[in-house]
Amino acid sequence: MDNSEVAKRLFEMAEMLEFKGENVFKIKAYQKAARNIEELEEDINILRQRDELGTISGVGEAIEAKIKEMLDTGTFKAFEEIRHTIPQDIEEIIAVQGIGPKTAHLLYSKLGVKDLQGLLKAAEEHRIRRIPGMGVKTEEHILIAAKRQLAEGNIGRFPLGVALPIAEEISKKLLDGILIREVRIAGSIRRWKDTVGDIDLIARSDEPEKAIEVFTVMDNMQEVLEKGNTKGSIIYKGNIQVDLRIVKDDAFGSLLQHFTGSKEHNVKLRQIALSKGFHLSEYGLKNATTAEQIPFSTEHEQYERLGLQFIPPELREDWGEIEAAMEKKIPRLIEVSDIKGDLHVHSNWSDGHNSIEEMALAAKALGYQYINISDHSASSKIANGLSEKRLLDHIKEIERLNECIEGIRILSGTECDILPDGTLDYSDELLEQLDIVVVAVHGSVEQDSKTMTQRIVSALENEHVHILAHPTGRKFGKRLPFAMNMEKIMDTALEYGKVLEINSSPQRLDLNDKFAMMARERGIKLAINTDTHSLEQFGNIRYGIGTARRAWIASNDVINTLHLKDICKLLGIS
DNA sequence: GCCGTTTTCGGCCCGACTGTTTTCAGTCG
Ligand SMILES: Nc1nc2c(ncn2[C@H]2C[C@H](O)[C@@H](COP(=O)(O)OP(=O)(O)OP(=O)(O)O)O2)c(=O)[nH]1
Ligand SMILES: [Mg+2]
Ligand SMILES: [Mg+2]
Ligand SMILES: [Zn+2]
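Numbers given to residues run from 1 along each chain, matching the order in which its sequence is written. Chain A is the first chain written and ligand 1 is the first ligand written, with later ones labelled in order. Since the coordinates come from a predicted model, pLDDT governs what is reported: local features require at least 70, and pairs of side-chain atoms require 80 or more to be given and counted, while whole-chain, interface and lining totals use all residues. To get the side-chain values, all heavy atoms of the structure are used, and hydrogens and water are removed first.

1. Focus: the domain arrangement of chain A
Our working rule: For each domain, the first and last residues come from an automatic or database assignment. Contact definition: two residues touch when any of their heavy atoms are within 4.5 Å. Here's the idea: put two parts together, see how much 1.4 Å probe accessible area each one loses, and the total over both is what we call buried area. Each salt bridge in this description consists of a side-chain nitrogen of Lys or Arg and a carboxyl oxygen of Asp or Glu lying within 4 Å of one another. N or O atoms closer than or at 3.5 Å make up a polar contact, with two conditions inside protein: a donor-capable atom paired with an acceptor-capable one, and, for residues adjacent in sequence, both atoms drawn from side chains. Residues are sorted three ways: Asp, Glu, Lys and Arg are charged, Ala, Val, Leu, Ile, Met, Phe, Trp, Tyr, Cys and Pro are nonpolar, and all the rest, Gly among them, are polar.
Along its sequence, chain A is organised into domain 1 (3-83), domain 2 (90-152), domain 3 (158-246), domain 4 (252-326) and domain 5 (336-571). Listed by partner, the interface residues are four residues for domain 2 and five residues for domain 3. Buried area between domain 2 and domain 3, summed over both chains or domains, comes out near 310 Å², and the portion from carbon and sulfur atoms is 38%. When residues of domain 2 are sorted by the area they lose upon contact with domain 3, Q97, R148 and E152 head the list and together hold 89% of the total. The partner of R148 in a salt bridge is E223, and the shortest N-O contact between them spans 2.6 Å. Applying the counting criterion to the domain 2 and domain 3 interface returns two residue pairs in polar contact (both at pLDDT 80 or more). Classifying every residue of the side of domain 2 that touches domain 3 by side-chain character gives one nonpolar, one polar and two charged.

In structure tokens:
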């Protein structure tokens, strides 16, 4: 079993214990262990060999024994025993909004509800309202929520590139009226997570209740889920949930911190507050003995009062940032303004929309010092990839443009396909004539892990190659990451001095945060590129920067923060 | 079930909203 399979089992165990009404702290213990195993960088099998399972935070004697049992037999006794006493599809019932483990258990014991279909039937036949403690409204809400779940399936999460523009649109609309003074995007969007579960907003208003009212009747609102004095939730066009929290007093910083999360970060901060004699909440600190409330108007002040350096939102995942902040060791993270050029740009010579000149002028307007025109190679036929002859013309055209355009250097490149057998789509003689060679896998993406890994390794061993683009090939909603051994690929990249890309296209974000962190820890250099096919897509750089910041990446980890002359020196460009 | 710069036992983050309830449990963030 691998890490995610072990974690999944532990999560399932927690869910079953919840359904059974077990001690909540025991449940939390299983969830914490599961989460930490899911986020582990090392292979849990290797930790086991080294007898280091106990070093995983949240794994004690009991869970360690169960993990060993799982690694040996694929399951564990306690899991199998409890599993047979619980309906198989309990997960889909608890997943219905408003139904938790208690209600699920009640519905099962009173009505024999075992799955979503049974739940719908019970609601439609008005059997739920007859259970003591349930009522007409509860039944109606369950019916609506169950139907919504059936219709949507389990879409679950949205790519950041979908959610962020909607969040910006809603923020703007809310500011249109006079009731709401300030709106900030919070939650996982503010942390630049690559996928998000919902849109979390906070706002400041002198009349919170009226402001919530405005929110719940806004354009494109599909359904109101909750409407209170300080908080409302709606389903917005596109079936995305939007949570809005409003305050009028001076605790805006405390609220922003709370609603930015993550949950795990919040819990740890609150534990630190407790150890200092305070209760922390979205209203600030409360003295545990005097009950005096101390609100903070900025996040900076609140972190400082807790004895911590300010922690950028992208780091707030309980991945060690709180410990670092205690020692004032939060690094200066890379910013959009550090980027000096884009090394992965397409033109209308292949599948881009604009000419090389237009792309260059747009980049210049952004303050870039250089761009690498990396059109597709011949094998990418649907992308109008360049034959060897057209690539030679491409090189000449770039030479010509460099003579007439001032203020930006156009580098002559390619996004050369790594063919299924690991060879490249252009000859070495041709690659040698280019300034920057970007390579990528496009076709034959279904290869097994061994083949795919060797394919990429072979490409990285080629002396003319500089950058591996979108290394895992994932595309949200379209394609899973390639089966591949990332450790091996990173070892090779390091050995041969190759650069790995953080592709900023919001449907890719590849490398992702975790892999980018792995690369940084190993000392591999990165390039943050947009892979733009149009003038507007240069703007996608913010997504790549957000991902890089989540990986604790600094400016000097990234080659396209270098000035033109320095990057030319680094890559041997004349 | 886990864990310990005042602890190996007794805590474990804290608050909003809803429904069905005369005082709160459940769910969610
Ligand atoms: N203290 C505390 N804060 C929480 C808890 N659950 C959520 N929050 C805070 C932190 C979250 O970032 C924020 C928004 O909640 P969400 O459920 O939307 O989570 P988040 O946006 O982080 O992730 P998401 O992508 O939406 O799943 O509310 C909790 O149990 N305790
Ligand atoms: Mg959220
Ligand atoms: Mg939310
Ligand atoms: Zn590309």
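2. A look at unusual backbone geometry
The phi torsion of most residues other than glycine is negative, and most of the peptide bonds are trans. The line we're drawing: Secondary structure elements are taken from DSSP: a helix is a run of H or I of four residues or more, a strand is a run of E of two residues or more, and numbering for both begins at the N terminus.
Cis geometry marks the peptide bond from G261 to S262; its omega dihedral reads -5°. As for its position among the elements, S262 is in the loop between α13 (252-260) and α14 (263-275). Along the chain, D510 connects to L511 via a cis peptide bond; the corresponding omega equals 5°. Residue position: L511 is located in the loop between β16 (499-503) and α22 (513-522).

3. Quick word on helix α23 (residues 541-550)
An α-helix turns once every 3.6 residues. As a result, residues three or four positions apart point the same way. So the rule is basically this: The rule is simple: take the accessible area with a 1.4 Å probe, protein chains only, and divide by the maximum for that residue type; under 20% is buried, over 50% is exposed, in between is partly exposed.
The element α23 is largely enclosed, with a buried count of nine among its ten residues. Residues of α23 that are buried include every one of I541, Y543, G544, I545, G546, T547, A548, R549 and R550, and no others. Summarising the contacts, the buried residues of α23 are in contact with α10 (160-176), β16, α22 and β17 (526-529). A positive backbone phi angle near 60° is found at W552, which sits one or two residues after α23.

4. A closer look at the coordination of the magnesium ion (ligand 3)
Under the convention used in this document: Distances decide who is a donor: an N, O or S atom must be within 2.8 Å of the metal, or within 3.2 Å for Na, K and Ca. Water is not included, so sites may look incomplete.
For the magnesium ion (ligand 3), the full set of protein donor atoms is D198 (OD), D200 (OD) and D243 (OD), at a range of 2.0 to 2.3 Å. The two metals, the magnesium ion (ligand 3) and the magnesium ion (ligand 2), are separated by 3.6 Å and share D198 as a common coordinating residue. Taken as a pair, D198 in the loop between β3 (195-196) and β4 (199-205) and D243 in strand β7 (residues 240-247) lie far apart in primary sequence, 45 residues in all. For D243, a relative accessible area of 9% corresponds to the buried category.

5. Quick look at the coordination of the magnesium ion (ligand 2)
In this structure, D198 (OD) and D200 (OD) serve as the protein donors to the magnesium ion (ligand 2), at separations of 2.0 Å. Taking relative accessible area as the criterion, D198 reaches 15% and is therefore assigned buried.

6. A look at the pairing of strand β5 (residues 221-227)
Definition in use: Paired strands, as defined in this entry, are two strands with at least two bridges between them according to DSSP.
Across five bridges, the pairing between β5 and strand β6 (residues 231-236) is antiparallel. Note on β6: the bridge partner recorded for E226 is S233. Two successive antiparallel strands, β5 and β6, enclose a turn made up of three residues.

7. A short note on the packing of aromatic side chains
Note on aromatic pairs: each is described by the distance of the centres and the angle between the planes. Rules: Any pair of Phe, Tyr and Trp rings, taking the six-membered ring for Trp, is counted once the centres come within 6.5 Å. Such a pair is stacked with planes under 30 degrees apart, edge-to-face with planes over 60 apart, and tilted for the rest. Should the NZ of a Lys or the CZ of an Arg lie within 6 Å of a ring centre and within 35 degrees of the ring normal, that charge is described as sitting over the ring.
Using the criterion set out here, one finds five aromatic pairs in the structure. Between the aromatic rings of W192 and Y543, the centroid separation amounts to 5.8 Å while the plane-to-plane angle is 80°, which identifies the pairing as edge-to-face. Of this pair, W192 sits in the loop between α11 (187-190) and β3 while Y543 sits in helix α23, placing them 351 residues apart in sequence. Overall, the relative accessible area of 17% leaves W192 in the buried class. Taken together, a centroid distance of 5.9 Å and an interplanar angle of 90° make the contact between Y303 and F310 edge-to-face. Positioned above the aromatic ring of W319 is the side chain of K514, whose terminal nitrogen or guanidinium carbon lies 4.0 Å from the ring centre.

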